[in-house]
Amino acid sequence: MKKWSAGLALMLMFSMVLSACSSGSKDAGSSKEDNGAAASDKVVELKFTTWGELSADSVEKKLADQFNESHPNIKVTFEPVPGDGYATKLTTSLAAGQAPDVFLIGEGDYFKYVDKGVVEPLDDYIKSDSSFKTDIFQPDLLNMGKINDKLYYLPKDFNPLALWYNKRMFDEAKIPYPDEKWTWDDMISAAKKLTKKDDKGKVTEFGFNATKWEYPIYIYLWLNGTDIGNEDGTKAEGYMNSDKTVAAMEKYVALTKGDDRVSPTPQDTETLGGDSSMFMTDKLAMMITGRWVKSDLDKSDVQYGSALIPTGEGGDRASIIAAAGWAMNANSQHKKEAFELMKWLSGTEAQKARSEKGQVLPATVAELDQVKSTEVVDKPVIEMMDYAKKPISMRSANAPIFTEEFNKAIEKVLLDKSTVKEALDEAAKTVDSKIQK
Amino acid sequence: MRNSRSERAGYLFILPWFLGLLIFTLGPMLFSFVLSFSKWDIITGIGSIEFVGLDNFKAIFHDELFYQSLKVTFIFALVSVPLYQIVSILIALLLNMRTRGMKLFRLIYFMPSVIPAVAVSMMWIMIFNPEYGILNRALAWFGIEGPAWLQDPSYALGALIVMGMWGVGNTIIIYLSGLQGVPEELYEAAQLDGAGSFRRFMSVTVPMISPTIFFNLIMGIIGGFQYFTQAFVMTNGGPLNSTLFYNLYLYNKAFVSFEMGYASALSWILFAIILIFTLIVIRSSSMWVYYNGDDERD
Amino acid sequence: MIMNHHKWSLGRLLTFLLLIVGAAIVLVPLLWTVSTSLKSPAEVFQDSFFPKEWHWDNYKNAVTAIPFFLFLKNTLIILIPVMIGTVFSSALCAYGFARFSFKGKRFLFLVLLATMMLPGQVTMIPMFIIFKEAGWIDTFLPLIIPSFFGGGAFNIFLIRQFMRGIPKDLDEAAFMDGASRWSIFTRIMLPLSKPPLIAVSIFTFMGVWNDFQGPLIYLNSTTKYTLALGLSMFKGMYNVEWNMLMAATVLIMLPAIIVFFFLQKYFIEGISLSSAMKG
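Reading guide: rules and limits
Residue positions are counted from 1 within each chain, in the order its sequence is given. Just so you know, chain letters begin at A and ligand numbers begin at 1, following the order they were written in. In keeping with the predicted nature of the model, local features appear solely for residues at pLDDT of at least 70, side-chain atom pairs appear and are counted solely at 80 or more, and the whole-chain, interface and lining totals rest on all residues. Side-chain figures throughout are based on the complete set of non-hydrogen atoms in the structure, without hydrogens or water. Helix and strand assignments follow DSSP, with helices taken as H or I runs no shorter than four residues and strands as E runs no shorter than two, numbered in order from the N terminus. Three exposure classes are used, based on accessible area relative to the maximum for each residue type with a 1.4 Å probe and protein chains only: buried under 20%, partly exposed in between, and exposed over 50%. Two residues qualify as a contact provided that any one of their heavy atoms is within 4.5 Å of a heavy atom in the partner residue. Each domain span listed reflects an automatic or database assignment of domains. Note: buried area is the sum, over both parts, of the accessible area (probe 1.4 Å) each one loses when the two are combined. We count a salt bridge whenever a side-chain nitrogen from Lys or Arg sits within 4 Å of a carboxyl oxygen from Asp or Glu. Two N or O atoms form a polar contact when they lie within 3.5 Å of each other; inside protein one atom must be a possible hydrogen donor and the other a possible acceptor, and for residues adjacent in sequence the pair counts only when both atoms belong to side chains. Side-chain classes are defined by residue name, with Ala, Val, Leu, Ile, Met, Phe, Trp, Tyr, Cys and Pro counting as nonpolar, Asp, Glu, Lys and Arg as charged, and the others, Gly among them, as polar. Two strands pair under a simple rule: DSSP has to find at least two bridges between them. Angles run from 0 to 180 degrees between N-to-C directions of axes, and those axes are lines fitted to C-alpha atoms, restricted for helices to the stretch in contact. Crossing handedness is read from the near helix: turned anticlockwise from the far helix by less than a right angle, it gives a left-handed crossing, and turned clockwise, a right-handed one. UniProt positions are given in the numbering used here, feature names are shortened, and annotations may be inferred rather than shown by experiment. Side-chain rings of Phe, Tyr and Trp, where Trp is taken by its six-membered ring, are said to pair if the distance between their centres is within 6.5 Å; with planes under 30 degrees apart they count as stacked, over 60 as edge-to-face, and otherwise as tilted. Angles are sorted into four bins: roughly parallel if under 35 degrees, roughly antiparallel if over 145, roughly perpendicular if 65 to 115, and oblique for all others. Patch construction takes residues with relative accessible area above 30% that form no salt bridge. Like charges are linked within 9 Å, and nonpolar side chains (Val, Leu, Ile, Met, Phe, Trp, Tyr) are linked within 5 Å. For accessible areas, the Shrake-Rupley method is used with a probe of radius 1.4 Å. Any residue's cover is judged against the shown protein chains and nothing else. Summarising the geometry, the arc corresponds to the directions from the helix axis toward the C-beta atoms. Per-residue confidence from the predictor is reported as pLDDT, a score between 0 and 100.

Asks: Even after reading the chapter, I still don't get the overall build of chain C, so can you show me in this structure?
Replies: The number of helices and strands found in chain C is 15 helices and 0 strands. For chain C, with 279 residues in total, the buried portion stands at 58%. Counted over contacts in chain C with a minimum sequence separation of 6, partners at least 24 positions apart contribute 71%.

Asks: Please explain the environment of Pro119(C) as it appears in this structure.
Replies: Considering the arrangement of structural elements, one finds Pro119(C) in the loop between α4 (105-114) and α5 (120-133). Pro119(C) sits in the buried class, given a relative accessible area of 0%. As for Pro119(C) and Thr86(C), which are separated by 33 residues in sequence, their C-alpha atoms are 21 Å apart. Dropping the residues within four chain positions of it, Pro119(C) is found in contact with Gln226(B), Asn247(B), Leu250(B), Ser267(B) and Leu270(B).

Asks: Whenever I open this one, the domain arrangement of chain C confuses me. Can you help?
Replies: Where the parts come together, the accessible area they lose is often given as the size of the interface. All names here are of chain C. Partitioning chain C into structural domains gives domain 1 (2-58) and domain 2 (65-278). At the interface, 12 residues of domain 1 touch 7 residues of domain 2. Both faces considered, domain 1 and domain 2 share a buried interface measuring about 740 Å² in area, 81% of it formed by carbon and sulfur atoms. Where domain 1 packs against domain 2, one counts 0 salt bridges. The tally of links between domain 1 and domain 2 comes to 0 residue pairs in polar contact (both at pLDDT 80 or more). Of the residues forming the side of domain 1 that touches domain 2, the biggest block, 6 residues, is contributed by helix α1 (residues 10-37). Residues that form the side of domain 1 that touches domain 2 fall into these classes: 6 nonpolar, 5 polar and 1 charged.

Asks: Can you help me understand the pairing of strand β6 (residues 154-166) of chain A in this one?
Replies: Successive residues of a regular strand alternate their side chains across the two faces of the sheet. Residue and element names in this part refer to chain A. Burial analysis of β6 places 13 of its 13 residues in the buried class, the great majority of the element. Pairing of β6 with strand β11 (residues 321-328), which is carried by 6 bridges, proceeds in the antiparallel orientation. The residue of β11 that forms the bridge with Leu 154 is Trp 326. In terms of strand pairing, β6 meets strand β9 (residues 286-290) through 5 bridges, oriented antiparallel. The residue bridging Leu 163 from the neighbouring strand is Ile 288, located in β9. Sheet topology places β6 next to strand β10 (residues 304-307); 4 bridges connect them, and they run antiparallel. Bridge pairing in β10 places Tyr 165 opposite Gly 305.

Asks: What exactly am I supposed to notice about the packing of helix α4 (residues 102-110) of chain B against helix α13 (residues 242-263) of chain C here?
Replies: Look at α4(B) against α13(C): their axes get within 10 Å of each other, and the N-to-C directions meet at 145°. Our pair here, α4(B) against α13(C), has a crossing hand that is right-handed. Contacts between α4(B) and α13(C) involve Lys103(B), Arg106(B), Leu107(B) and Phe110(B) from the first element and Ile257(C), Phe260(C) and Phe261(C) from the second. A per-class count over the contact of α4(B) with α13(C) returns 5 nonpolar, no polar and 2 charged.

Asks: In this structure, what is going on with the interface of chain C and chain B? I would like to understand it.
Replies: Counting residues at the interface gives 105 residues for chain C and 102 residues for chain B. Of the roughly 9,600 Å² buried at the junction of chain C and chain B (both faces included), carbon and sulfur atoms supply 75%. Taken together, chain C and chain B are joined by 0 salt bridges. Element by element, the count of residues in the side of chain C that touches chain B is highest for α1(C), at 16 residues. Of the residues in the side of chain C that touches chain B, the class split is 75 nonpolar, 18 polar and 12 charged.

Asks: I tried to follow the side chain of Thr204(C) on my own but got confused; where do I start?
Replies: Residue and element names in this part refer to chain C. Among the structural elements, Thr 204 can be located in helix α10 (residues 194-210). For Thr 204, a relative accessible area of 8% translates into the label buried. Here the side chain of Thr 204 touches Val 200 through a polar contact of 2.6 Å, landing on its backbone oxygen. Look past the residues within four positions of Thr 204 in its chain and what remains in contact with it is Leu 79, Val 82, Met 83, Thr 86 and Asn 155.

Asks: Looking at this structure, how should I read the UniProt feature "transmembrane region" (unreviewed entry) in chain B?
Replies: All names here are of chain B. In this structure's numbering, the residues bearing the UniProt feature "transmembrane region" (unreviewed entry) are residues 12-35, 74-95, 107-127, 155-176, 208-228 and 260-282. The annotated region residues 12-35 carries 100% helix and 0% strand content, and the separation between its end C-alpha atoms amounts to 33 Å. From the first C-alpha to the last, residues 260-282 spans 32 Å; its make-up is 100% helix and 0% strand.

Asks: In this structure, what is going on with the packing of aromatic side chains? I would like to understand it.
Replies: The relative placement of two aromatic rings is captured by the distance of their centres and the angle of their planes. Under the criterion given, the structure shown has 75 aromatic pairs over all chains. Consider the rings of Trp149(B) and Tyr155(B), whose centres lie 5.8 Å apart with planes at 80°: the pair is edge-to-face. Here the aromatic rings of Phe109(C) and Phe157(C) are separated by 5.4 Å at their centres, their planes lie at 75°, and the arrangement is edge-to-face. Taken as a pair, Phe109(C) in helix α4 and Phe157(C) in helix α7 (residues 153-163) lie far apart in primary sequence, 48 residues in all.

Asks: So what exactly am I meant to see when it comes to the packing of helix α10 (residues 214-223) of chain A against helix α19 (residues 399-414) of chain A here?
Replies: Helix-helix packing is characterised by the crossing angle of the two axes and by the distance between the axes. Residue and element names in this part refer to chain A. Between α10 and α19, the least distance of the axes is 12 Å, while the angle of their chain directions is 90°. Judged by the inter-axis angle, α10 sits roughly perpendicular to α19. Taken together, the residues of α19 that come into contact with α10 (itself represented by Glu 214, Ile 217, Tyr 218 and Leu 221) are Thr 403, Phe 406 and Asn 407. Broken down by class, the residue content of the contact of α10 with α19 amounts to 4 nonpolar, 2 polar and 1 charged.

Asks: Even after reading the chapter, I still don't get the UniProt feature "domain: ABC transmembrane type-1" (unreviewed entry) in chain B, so can you show me in this structure?
Replies: As annotated by UniProt and renumbered to match this structure, "domain: ABC transmembrane type-1" (unreviewed entry) occupies residues 70-281 of chain B. Helix and strand shares over residues 70-281 of chain B are 73% and 0% respectively, and the end C-alpha atoms of the span are 20 Å apart.

Asks: Teacher, can you tell me more about the pattern of salt bridges here?
Replies: Close approach of charged atoms allows side chains with opposite charge to pair. Tallied over the entire structure, the rule returns 28 salt bridges over all chains. A salt bridge links Lys434(A) to Glu405(A), with the nearest nitrogen and oxygen atoms 3.0 Å apart. Taken as a pair, Lys434(A) in helix α20 (residues 420-436) and Glu405(A) in helix α19 lie far apart in primary sequence, 29 residues in all. By relative accessible area, Lys434(A) is classed as partly exposed at 33%. For Glu405(A), a relative accessible area of 5% puts it in the buried group. Its salt-bridge partner being Arg99(C), residue Asp171(C) comes within 2.8 Å of it at the nearest N-O pair. Here the residue Asp171(C) occupies a position in helix α8 (residues 168-176), and Arg99(C) occupies one in helix α3 (residues 68-99), the gap between them amounting to 72 residues. Of the two residues, Asp171(C) and Arg99(C), both sit in the buried class.

Asks: Help me understand the UniProt feature "transmembrane region" (unreviewed entry) in chain C, please; the structure alone is not making it clear to me.
Replies: The feature "transmembrane region" (unreviewed entry), as annotated in UniProt, sits at residues 12-32, 76-95, 107-131, 143-163, 184-209 and 242-263 of chain C in this numbering. Each end of residues 76-95 of chain C is marked by a C-alpha atom, and these two atoms are 28 Å apart; helix forms 100% of the span and strand 0%.

Asks: Which parts of the structure should I look at to understand a nonpolar patch on the surface?
Replies: A cluster of nonpolar side chains, contributed by Leu76(C), Ile80(C), Ile84(C) and Phe148(C), occupies part of the molecular surface with about 360 Å² of accessible area. Accessibility expressed as a relative area gives 34% for Leu76(C), which makes it partly exposed.

Asks: Looking at this structure, how should I read the environment of Ala56(A)?
Replies: Within the element layout of this structure, Ala56(A) appears in the loop between β1 (44-49) and α3 (59-70). Taking the C-alpha atoms as reference points, Ala56(A) and Met384(A), separated by 328 residues in sequence, lie 34 Å from one another.

Asks: What is the right way to look at helix α9 (residues 184-194) of chain A in this model?
Replies: Spacing of three or four residues puts side chains on the same side of an α-helix, whose turn is 3.6 residues. All names here are of chain A. For α9, the complete set of buried residues consists of Trp 184, Met 187, Ile 188, Ala 190, Ala 191 and Leu 194. One side of α9 holds all its buried residues, which, seen down the axis, span an arc of 165°. In this structure, α9 carries Lys 192 and Lys 193 as exposed residues pointing more than 90 degrees from its buried face.

Asks: Can you walk me through the confidence of the model for chain C in this structure?
Replies: Any segment with low pLDDT has predicted coordinates that should not be analysed in fine detail. Residue and element names in this part refer to chain C. When pLDDT is averaged across chain C, the result is 84; 88% of the residues are at 70 or more. Here helix α15 (residues 273-278) is the element of chain C with the lowest mean pLDDT, 42, and helix α6 (residues 141-144) is the one with the highest, 96. Here residues 1-6 is modelled with pLDDT under 50, and outside its nearest four sequence neighbours on either side it reaches 12 contacts, counting other chains as well.

Written as structure tokens, this is what we have:
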């Protein structure tokens, strides 16, 4: 195996040497000098990256500058990447061994990157650093970054899911706003009243968005006492196709189908610019989504509120936190310094700086409590955190198999190609046979 | 006339390309060829490449999605390649007329190819919406109830093919440039012989632009089999894998599940397929491609 | 097809009608893009085709939200050498393939075509590694230098096809008169190949102007970003600012449209062999 990669490297070297010749080998020389200079001055160079934050006055840029001021022996460069190119860029740079020392990962990919071994576990660094206490963080958020009993991610920001409602549409239909007593069924019956059609029968205003996005579906399944897979993501039979799952999904799918539908189809949502656009233009009365939607809604004149996600029959609650966490590149040359940077980027000062703009909630306990005491709209959102559970993508490397087959099954049902039961039976079977391979 | 001086001159003229091939292209191609016999989770870096022999290819031949993506891609290529060529030639002929206002028409027909493919795709998502999109609203004027284009497995691929016709501006440009190379003297001569406009088209235009047709046909095949961006943005392979193009499947393998070895094996199978079709066109070209300048074969 | 200037025949009327219908089909989505770019966020997804209020400030915001002129400068720093490199070196290689016979030519030409047959997704990473080893990451070099080495198989092939249609007597006569291969290339072949060279320049312009993937991978510093990369910031992680994105799209389209408008006269003149002989 060693020889194999050596052969490949040789082949690339061949092209490389040629290209070095053609460029007069000027660049190769200068990069060596750089390394030499760095070694003698003992200034360690670090890089970190996020998606978005491209503007010159972004918070992350300022944080990087402040870090450089307080750490004369470290020079950190912030290299943001446009959102829709982040995955490609990170993958390419990891493959070529050029990835930044610290990078940001979304919660959906937490498990995948750890499973491939590209993220450094942080426990040893934390143990040997008495100045840094992880109990400043919300326990749920810290817990999210733990995989197989090791901590890999430090929280940057997070977005709990909550129920968002359009006040104008509620007022017009003379329906009281959602409260903490609402069950899922209460929500659906309100959605029915909020749905409006024109004289041709075309729905003009939808009561609720039964999205194809997995997170709200998982929450609904949990409230019905079921899930699409077992805890460690090794079995689908009896979970994805259990009687409870089938019954719940039949109800869920019915929301988007037929003449008395209360929800747009996924395609309607897409063409109308996403749920937030529909919501802003009074075409959608309720949706379950993350707090990021606020920055969108605040741009329009829509009157909105947030509420707890309704309970299941038995009064139990569930939610998911969408989050982004800092990860240390397992191949970083300067891990000690990289940890210094991570501490700063997720520490109290950084949390304050980010939440000052009101865009994100702070991940630290003290700061979050403060927001809770002043903010009205965010109160239910923050409260939803206490009910957070880990979706299958944060529990197992097999998650993509589960979600792919599950989504395909739901797609079939929406297209009337299959009944819920048949589709889920088949999906469960396929998942299990793929896992066994 | 092949003599050693002329031979040397020929080599010198193509030297820039040949150097580029050695420096920039050959290495990556060989690399991916070797990878197709390996297992590599790309994000773990080059050190983790592992030789697995023919395992990737064996797995591919039992892979349902491989056959599905092959089917989708073949249907697309076989329909779209000839269709786009015919449409482009017709429009180019119209645009090649010399009258007032033609400048504006040329500009209009070319404009769609100026927009980045991603923006085009997002625009068409809106157009194809069954309830709110302008396409079905326009059809409704004629009393036709339009289908759910992108959401219906039996229409989605067709919708993408139709959409592609909107963006043939580049091909039109190439045909226009080919038409410009037809010496006017030939038309005049044909007209003197009493040939009608259809005869003139068949006996002057078609042979004279056959090198351009040859070019567009080969590029169409290469491009058609590698169709990606629009499907990636608009349908991501759905509904029910009805638009799972080969390159889309390959991309998912490489950059979503990180199986670069498998993806490389897929890419070399595609390479072989495209090469075969290209060779067929090249072999047949001696029968229909006419070069005014020489009688050499391709 | 030459049509007479003065007679309005039925066929001609039909042709015009066809062109107008086609133009309408092409234009409606474009107009929609422009109209979206002038709407307020709340109005983007309302049924009306035209905006109720015309938000010209979207354009101002699209330009000021990013360092527009810095990104424009970066784009031009890449664009200008790439245009020169591509047009010149692809014409050179095309001439080599079109007019000379040498051993292995047919095989090399097939290799040329074959370089286009492998999907970019699998060659991207090894390419990146080569440029990394050359120390070119976060410079414009990976985006510029390759264009001087043949300028792309597509362009070579396109020009070669055209050159093969140029009667051989022209250059052979010049050769007999003692002209060098080089002066035949620059004095006869290049001027005669104007239409495909213009086509190649237009495609190259658009390719560089709209390229997202290349700058994304090779440039790290935001100060080196190109326009296509900078404008993508209107597409967030969770949502798209449609009106801003469309304003940005229109802005990025405009120069390409203008360039085409001015270059297209070369598609009107046509090639007249007798005048080429004189020139």
